[in-house]
Amino acid sequence: MKKIAIGMAIAALVASPAFAASFVNGDFETGNTSGWIVGSSGYRGGIYNPALTPAYFLPGGAGYDTAPAHSAIVNAAYVDPNVSAALLGTTVYGGNYSYRVEDTTWGGYGSAISQSVLNYTDPEIFFAWKAVLEAAHGINDAAVMKLVLRDTTDGVDLITRTYIAVGGGVDARFNYSGGYYYTPLWQIEQLPIGAALSGHDFTLSVLAADCEPTGHAGYVYLDGFGAVNPPPGPGTVPEPASLALVGLGLAGLAAARRRKSV
């Protein structure tokens, strides 16, 4: 019987993946960027938006610079200096920290951050972002944000977002005030991992850059890269659809209690 049990255990190990990795510090709750590849801020003057990708500012990219990084970890008490808290809301989605890609002032710079996960087998991938883009110029040279969630096993981009600080470069996710396009709600991205993607390698990369003439700022807050959508932090208001679902859930609980008491 022992031989049979040992044989079954060995067979199970052979049949299963050698390892199943997960995200490292995807919510920045260590208070630093451990687990991430961080590009120091590079100058983007003379480089137009179609040529900018996150890889451009990451180590090895054409725009990578050894100058001090403009990006930073921010905590839950941090208030955006350009868009009021009453308009922008929180700068941390869940927990105590998030990461701001690029700084909040102008200067013609860009920054990027990236993390890869290998042999991913969890059922979903989540992450959350907010953007602030100072409006000016045209589609090729205004402040910009770009993010990509890439299946590096198949070489396919699964989620892509590009927003540029001009009227045709943003969508209904953004509001406008005081010269800035901004997302008042955290944008929650979700990728279901079905059988076709299970065990693949994935990379999330995020870029934010000031305008090309160097006079207008662009930056992104990033949080919650992981297998579970983290609960929103204090001060985050659920969208109306979410509130409706909460209301239905509470009504269901009340009905269940009434049935039990009858």
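Residues numbered from 1 in each chain as written. Predicted model: local features only at pLDDT ≥ 70, side-chain atom pairs only at ≥ 80, totals over all residues. Heavy atoms only, no water.

### Some details on the overall build of the protein
From N to C terminus, the protein includes four helices and 13 strands. Across the 262 residues that make up the protein, the buried fraction comes to 42%. Considering only contacts in the protein between residues 6 or more positions apart, those separated by 24 or more positions represent 76%. Counting only carbon and sulfur atoms, one obtains 61% of the accessible surface of the protein, whose full area is about 12600 Å². (Helix = DSSP H or I, 4+ residues; strand = E, 2+ residues; numbered from the N terminus. Buried < 20%, exposed > 50% of the residue type's maximum accessible area, 1.4 Å probe, protein only. Contact = heavy atoms within 4.5 Å. Areas by Shrake-Rupley, 256 points an atom, 1.4 Å probe, with all protein chains shown as cover.)

### Re the pairing of strand β11 (residues 187-192)
Taking every second residue as pointing to the same face, the buried face of β11 carries Gln187, Glu189 and Leu191, while none of Ile188, Gln190 and Pro192 on the other face is buried. Judged from the six bridges that link them, strand β6 (residues 124-134) and β11 form a sheet pairing that is antiparallel. Across the sheet, residue tryptophan 129 finds its bridge partner in β11, namely glutamine 187. (Pairing = 2+ DSSP bridges.)

### Brief notes about the environment of alanine 51
Mapped onto the elements, alanine 51 comes out in the loop between β2 (42-43) and α2 (54-57). The spatial distance from the C-alpha of alanine 51 to the C-alpha of asparagine 140 is 9.3 Å, given a sequence separation of 89 residues.

### Details of the environment of glycine 31
Counting through the fold element by element, glycine 31 comes out in the loop between α1 (2-15) and β1 (37-38). Sequence separation of glycine 31 and asparagine 75 is 44 residues, and the distance between their C-alpha atoms is 8.3 Å. In this structure, glycine 31 is in contact with Ile73 and Tyr97, ignoring residues within four places of it in sequence.

### Examining the pattern of salt bridges
Counted by the stated rule, this structure contains four salt bridges. In this structure, arginine 173 and aspartate 171 form a salt bridge, with 4.0 Å as the shortest nitrogen-oxygen distance. Between glutamate 189 and arginine 173 there is a salt bridge, and its shortest N-O distance comes to 3.5 Å. Separated by 16 residues along the polypeptide, glutamate 189 in strand β11 and arginine 173 in the loop between β8 (156-164) and β9 (175-177) bring together distant segments of the chain. The class for glutamate 189 is buried, based on a relative accessible area of 4%. By relative accessible area, which is 24% here, arginine 173 ends up partly exposed. Residues joined in a network through salt bridges with shared partners are Arg161, Asp171, Arg173 and Glu189. (Salt bridge = Lys/Arg side-chain N within 4 Å of Asp/Glu carboxyl O.)

### So, unusual backbone geometry
Unusually for a residue other than glycine, asparagine 25 sits at a positive phi of about 55 degrees. Tracing the backbone through its elements, the reader meets asparagine 25 in the loop between α1 and β1. Its identity is not glycine, yet threonine 214 carries a phi of approximately 85 degrees, on the positive side. By relative accessible area, which is 19% here, threonine 214 ends up buried.

### Quick word on the confidence of the model for the protein
Within the protein, residue pLDDT values average 85, and 81% of them lie at 70 or more. Note that residues 1-19 has pLDDT below 50 and, in this model, three contacts with residues that lie over four places away or in other chains. Considering only residues more than four positions removed or in separate chains, one finds that residues 235-262, a stretch of pLDDT under 50, has six contacts. (pLDDT = per-residue confidence, 0-100.)

### Examining the environment of tyrosine 64
Residue position: tyrosine 64 is located in the loop between α2 and β3 (72-75). On the accessibility criterion, tyrosine 64 (35% relative accessible area) is partly exposed. On a C-alpha basis, the gap between tyrosine 64 and serine 41 in space is 7.0 Å, while along the polypeptide they are 23 residues apart. What tyrosine 64 contacts, discounting residues up to four positions off in sequence, is Gly39, Ser40, Tyr56, Phe57, Leu58 and Pro59.

### Details of the pairing of β8
The pairing of strand β7 (residues 144-151) with β8 spans eight bridges and is antiparallel. Along β8, the bridge assignment pairs leucine 149 with isoleucine 159. Counted between consecutive antiparallel strands, the loop separating β7 from β8 contains four residues, among which glycine 155 sits at a positive phi close to 70 degrees.

### Observations concerning the side chain of histidine 216
Along the chain, histidine 216 falls in the loop between β12 (200-209) and β13 (218-226). A polar contact of 3.2 Å, which involves the side chain of histidine 216, links it to the side chain of histidine 137. Every residue in contact with histidine 216, bar those within four places of it in the chain, is listed here: Trp106, Glu134, Ala135, Ala136, His137, Ala143, Asp210 and Cys211. (Polar contact = N/O pair within 3.5 Å; in protein donor to acceptor, adjacent residues only side chain to side chain.)

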